[in-house]
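Fold and contact review
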Amino acid sequence: MSLAPNGHSPHPIVQAPMAGGASCPPLAAAVCEAGGVGYLAGGYKTADGMYQEIKQVRALTRRPFGVNLFLPQTGYVDPAAVETYRGHLAGEAGWYGVSLAAEDIIGTCDDGYDAKLAILLEDPVPVVSFTFGCPVPSALAALRRAGTRTVVTVTSVDEARAAQEAGADAVCVQGAEAGGHQGTHRDDPQADGTAAVGVLALVTQVREAVALPIIAAGGVMRGSQIAALLAAGAEAAQLGTAFLACPESGAHPLHKKALTDPLFVRTELTRAFSGRPARGLVNRFVREHGPYAPAAYPQIHHITSGLRKAAAAAGDPQGMALWAGQGHRLARPLPAGQLVEVLAAELAAARSALTTTQMRSAS
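What comes next concerns the included structure.

Turning to the environment of Val154, a few remarks are in order. With respect to the element layout, Val154 can be found in strand S5 (residues 149-154). Judged by its relative accessible area of 0%, Val154 is buried. For the pair Val154 and Thr131, spaced 23 residues apart in sequence, the C-alpha separation works out to 8.0 Å.

Encoded structure:
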């Protein structure tokens, strides 16, 4: 797949857009310079904040990079459920000495989408991807006219078909193993814990359902996994947790350390921090509050923002959102450029081994 208008990236390796600070300009640029595709996360930023980061990346690299946008959230949120959960977190607020977003947060949930899209149409970047939904066909067509490739995150065959019908250039197929938020187009609490499909199975299903190029995401930490996904029909693999531990990553040092800390033995999908299913390391906050969190994104994200920041400031990973994929124990704290090179070498070795095995079987 040509991830940018001007040709192929040397390596089929994409750095995932991780909102919240991890996907910063130094990380994206380092991945690009090493021959992968780096991404900036537009989520949770102002339109101007996103644009300033785009300019920083352009100053660091001339290679193609991407920007990710969150689609506006239009589903109904029960204000009473939000207020009940706010009350449930009162003890946390007292412990950390912070307020729980006392202002009205039930209003706009568009994350500045229109303003960000306008900037990307006026001053185009090579690739724009979308999470939490599929843009209207006119928006995708406008980006194509501007010379931008578009990618829609999907978690099912039906979502992939919708992206193809809308005119997307590619889909990012996100498996259940992926860290951070599940990019479902519709947040259905009835499907919690039952609907998510592993990335290898999902790539195979989507490959047979649509003609679009596929970027595969979910728990990918080694080049051998990339080889398996390419063999299943993907054109590239997207890695988030693998790059989270890099020195260029903007993730909090406690978050980076937690990835391989024996204290954190597993991950799970939780609504505790944001009101939307997201995979993270199981800590005290997830255990104590996850079962009570309503389906209310981004309202719960805003309510817990002060708590998460206070926990980080206090050096307490038990109160932080430690987003991580299922392969987190395989994280390597290498410089991002070196990690791309190592992954590419592992991919080449896996492909070579497969070719040798096939030749022996044929002889």
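This paragraph deals with the nonpolar core. By size, the foremost hydrophobic cluster in this structure holds 98 residues, and its most contacted members are Val67, Phe130, Val203, Val206, Ile226, Leu239 and Phe243. The element that contributes the greatest number of residues to this core is helix H13 (residues 299-313), accounting for six residues. If near-sequence neighbours (up to four positions away) are discounted, Val203 is found in contact with Val173, Ile214, Ala216, Leu229, Ala232, Gly233 and Ala234.

Taken N-terminus to C-terminus, the directions of helix H5 (residues 113-122) and helix H6 (residues 137-145) make an angle of 30°; their axes are 9 Å apart at the nearest point. By the angle between their directions, the pair H5 and H6 is classed as roughly parallel. When the axes of H5 and H6 are compared, the crossing they make is left-handed. Across from Leu117, Leu120 and Leu121 in H5, the residues of H6 making contact are Ala139, Ala142 and Leu143. In terms of residue class, the contact of H5 with H6 is made up of six nonpolar, no polar and no charged.

What follows covers the sheet that holds strand S3 (residues 65-70). Read from one edge of the open sheet, eight strands run S1-S9-S8-S6-S5-S4-S3-S2, paired in parallel fashion. The open sheet has two edge strands with one neighbour each: strand S1 (13-15) and strand S2 (38-41). On average, each strand axis in the sheet is inclined to that of its neighbour by 25°, with strand direction left out of account. Helix H9 (residues 223-231) rests against S1, strand S8 (214-217) and strand S9 (236-239) of the sheet, and its axis sits at about 135° to S9.

Within the structure shown, the criterion is met by 13 salt bridges. Of the charged contacts, one joins Glu83 and Arg86 as a salt bridge, the two residues approaching to 2.8 Å between their closest N and O atoms. Within this pair, Glu83 and its partner Arg86 are both found in helix H3 (residues 79-88), separated by three residues, close to a single helical turn. Here Glu83 falls in the partly exposed class, since its relative accessible area comes to 40%. When its relative accessible area of 15% is taken as the criterion, Arg86 is described as buried. In this structure, the salt-bridge partner of Asp187 is Arg271, at a minimum N-O distance of 2.9 Å. Within this pair, whereas Asp187 is found in the loop between strand S7 (180-181) and helix H8 (199-209), its partner Arg271 is found in the loop between strand S10 (267-270) and strand S11 (278-281), the two being separated by 84 residues in sequence. With relative accessibility at 24%, the residue Asp187 sits in the partly exposed group. Residue Arg271 is classed as buried on the basis of its relative accessible area of 6%.

Counting buried positions along helix H1 (residues 25-33) yields seven of nine residues, so the element is predominantly enclosed. Residues of H1 that are buried: Pro25, Leu27, Ala28, Ala29, Ala30, Val31 and Cys32. A positive backbone phi angle near 105° is found at Gly35, which sits one or two residues after H1.

We now examine the packing of aromatic side chains. Scanning all chains against the criterion turns up six aromatic pairs. An angle of 45° between the planes, with centres 4.8 Å apart, marks the rings of Phe70 and Phe132 as tilted. Of this pair, Phe70 sits in strand S3 while Phe132 sits in the loop between strand S4 (127-131) and H6; the two residues are 62 residues apart in sequence, bridging distant segments of the chain. Given a relative accessible area of 10%, Phe70 falls into the buried group. When its relative accessible area of 3% is taken as the criterion, Phe132 is described as buried. Taken together through their ring pairs, the aromatic side chains of Tyr44, Phe70, Phe132 and Tyr297 make up a single cluster.

The rules we used
- Residues numbered from 1 in each chain as written.
- Predicted model: local features only at pLDDT ≥ 70, side-chain atom pairs only at ≥ 80, totals over all residues.
- Heavy atoms only, no water.
- Helix = DSSP H or I, 4+ residues; strand = E, 2+ residues; numbered from the N terminus.
- Buried < 20%, exposed > 50% of the residue type's maximum accessible area, 1.4 Å probe, protein only.
- Core = buried A, V, L, I, M, F, W, Y, C linked by side-chain atoms within 4.5 Å.
- Contact = heavy atoms within 4.5 Å.
- Axes fitted to C-alpha atoms, helices over the stretch in contact; angles between N-to-C directions.
- Parallel < 35°, antiparallel > 145°, perpendicular 65-115°, else oblique.
- Left-handed = near helix turned anticlockwise from the far one by under 90°.
- Nonpolar A, V, L, I, M, F, W, Y, C, P; charged D, E, K, R; others polar.
- Pairing = 2+ DSSP bridges.
- Salt bridge = Lys/Arg side-chain N within 4 Å of Asp/Glu carboxyl O.
- Phe/Tyr/Trp six-rings, centres within 6.5 Å; stacked < 30°, edge-to-face > 60°.

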